[in-house]
Amino acid sequence: MRKTLFESLTHGPLTEPAPQPDEADLAELAASVSRAARARLGRSLSIRHVDAGSCNGCELEIHALSNAFYDLERLGLRFVASPRHADVLMVTGPVTKNMREALLRTYNATPDPKWVIAIGACAVDGGIFAGSYAIEGGVKDVLPVDLTILGCPPSPTELLKGLVALLGHVSKKPNIP
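Below, the structure is looked at part by part. This one's a predicted model, so the numbers in the text were calculated from it and none came from an experiment. (Residues numbered from 1 in each chain as written. Predicted model: local features only at pLDDT ≥ 70, side-chain atom pairs only at ≥ 80, totals over all residues. Heavy atoms only, no water.)

Right, let's talk about the environment of Thr-110 for a bit. Note that Thr-110 resides in the loop between helix H4 (100-109) and strand S5 (115-119). Judged by its relative accessible area of 2%, Thr-110 is buried. Separated by 28 residues in the primary sequence, Thr-110 and Ser-82 place their C-alpha atoms 8.5 Å from one another. Not counting chain neighbours up to four residues away, the residues in contact with Thr-110 comprise Pro-83, Ala-86 and Leu-89. Within polar-contact distance, the side chain of Thr-110 engages the backbone oxygen of Thr-106 at 2.9 Å. (Helix = DSSP H or I, 4+ residues; strand = E, 2+ residues; numbered from the N terminus. Buried < 20%, exposed > 50% of the residue type's maximum accessible area, 1.4 Å probe, protein only. Contact = heavy atoms within 4.5 Å. Polar contact = N/O pair within 3.5 Å; in protein donor to acceptor, adjacent residues only side chain to side chain.)

What follows is about the nonpolar core. Generally speaking, soluble globular proteins have nonpolar side chains that are buried together. The biggest cluster of nonpolar side chains holds 21 residues, and the ones touching the most others in it are Val-88, Met-90 and Ile-117. At the level of secondary structure, the elements contributing two or more residues to this core comprise strand S1 (45-51), helix H3 (57-64), strand S3 (88-92), S5, strand S7 (147-149) and helix H6 (156-169). Considering each element in turn, this core owes the most residues, five residues, to H6. When neighbours within four sequence positions are excluded, Ile-117 is seen to be in contact with Val-88, Leu-89, Met-90, Val-91, Leu-147, Ile-149, Leu-163 and Leu-166. By size, the runner-up hydrophobic cluster in this structure holds 14 residues, among which are Val-50, Leu-89, Val-91 and Tyr-107. (Core = buried A, V, L, I, M, F, W, Y, C linked by side-chain atoms within 4.5 Å.)

Right, let's get into unusual backbone geometry. Here Asp-112 and Pro-113 are connected by a cis peptide whose omega angle stands at -5°. Topologically, Pro-113 is positioned in the loop between H4 and S5. Residue Pro-153 follows Cys-152 across a cis peptide bond; omega there is -10°. Counting through the fold element by element, Pro-153 comes out in the loop between S7 and H6. Even without a glycine there, the phi angle at Asn-56 is positive, about 80°. The topology assignment puts Asn-56 in the loop between S1 and H3. For Asn-56, a relative accessible area of 39% gives the class partly exposed.

The next thing to look at is the sheet that holds S7. Across the sheet, which stays open at both edges, the five strands sit in the order S2-S1-S3-S5-S7 with parallel pairing between neighbours. Among the strands making up the open sheet, the edge pair consists of strand S2 (77-79) and S7. Across the sheet, the mean angle separating the axes of adjacent strands is 25° when strand polarity is ignored. Across three bridges, the pairing between S5 and S7 is parallel. The residue bridging Ile-117 from the neighbouring strand is Leu-147, located in S7. Against the sheet, H4 contacts S1, S3 and S5, and its axis sits at roughly 165° relative to S3. (Pairing = 2+ DSSP bridges. Axes fitted to C-alpha atoms, helices over the stretch in contact; angles between N-to-C directions.)

Of all five residues making up S5, five are buried, and the element is well covered by its neighbours. Along S5, one buried face is formed by Trp-115, Ile-117 and Ile-119 and the opposite face, lined by Val-116 and Ala-118, is buried too. Across five bridges, S3 lies against S5 in parallel orientation. Bridged to Met-90 within S5 is Ile-117.

With that settled, consider the pattern of salt bridges. Here the structure, examined in full by the defined rule, presents five salt bridges. Between Glu-136 and Lys-97 there is a salt bridge; the shortest N-O distance is 3.7 Å. With Glu-136 in strand S6 (residues 135-137) and Lys-97 in the loop between strand S4 (95-96) and H4, the pair connects residues that are 39 residues apart, well separated along the chain. Since its relative accessible area comes to 32%, Glu-136 is described here as partly exposed. (Salt bridge = Lys/Arg side-chain N within 4 Å of Asp/Glu carboxyl O.)

Shown next as C-alpha cells:
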C-alpha cells in the first residue's frame, strides 16, 4: 500500500490530455447557430429536455453539451427548466405508458413556434424496448417530430449538428389532433 501511495505522489496522472478544440471551427459553429436562432426566433434558442423513459445514456451526452469543452451557452443555446420558456423539446427514451400524459402536457405547455427532437434510437422507434408491454413506442407515435438524431447514444457533436440542422431547415408544423 505504501509503495502504491508513494508512486502516486511522485508520478503524474496517467490520463490523456484533453483534445484541443479548433477555435476557428467552434467560432464558425457559434456564429452559424446564433444567426439561425436569431433569424427564426429573434433571440437565442431555449431547450427543454424531457426524459420519456430512457436508460440515461442519451442524458449523459446531453449534459456533456453544457461542460467546458462544448459550452452550449456560448453558441446561444440554453436549457430551461420550464416548457413555457422553451422553443425546442429534446425527448429521449421510448415513451412509456406512464410518461405519455406528461409528455403531451409538456408539449402543450410549450408556446408556438415549437419543435420536437427525438434523440437516440429509443426515442425514434422504441429501440431495444420496442414491443414491451410498458412502451407506447417512439416519440413520433405520440408527438409530431421535426428532427431525429440517431445513435445509442448520439455524441454531443451529433447533437450540435442536429440543432444546427433544425435551425436551418425547420418549417411550420401542424398541431397534434
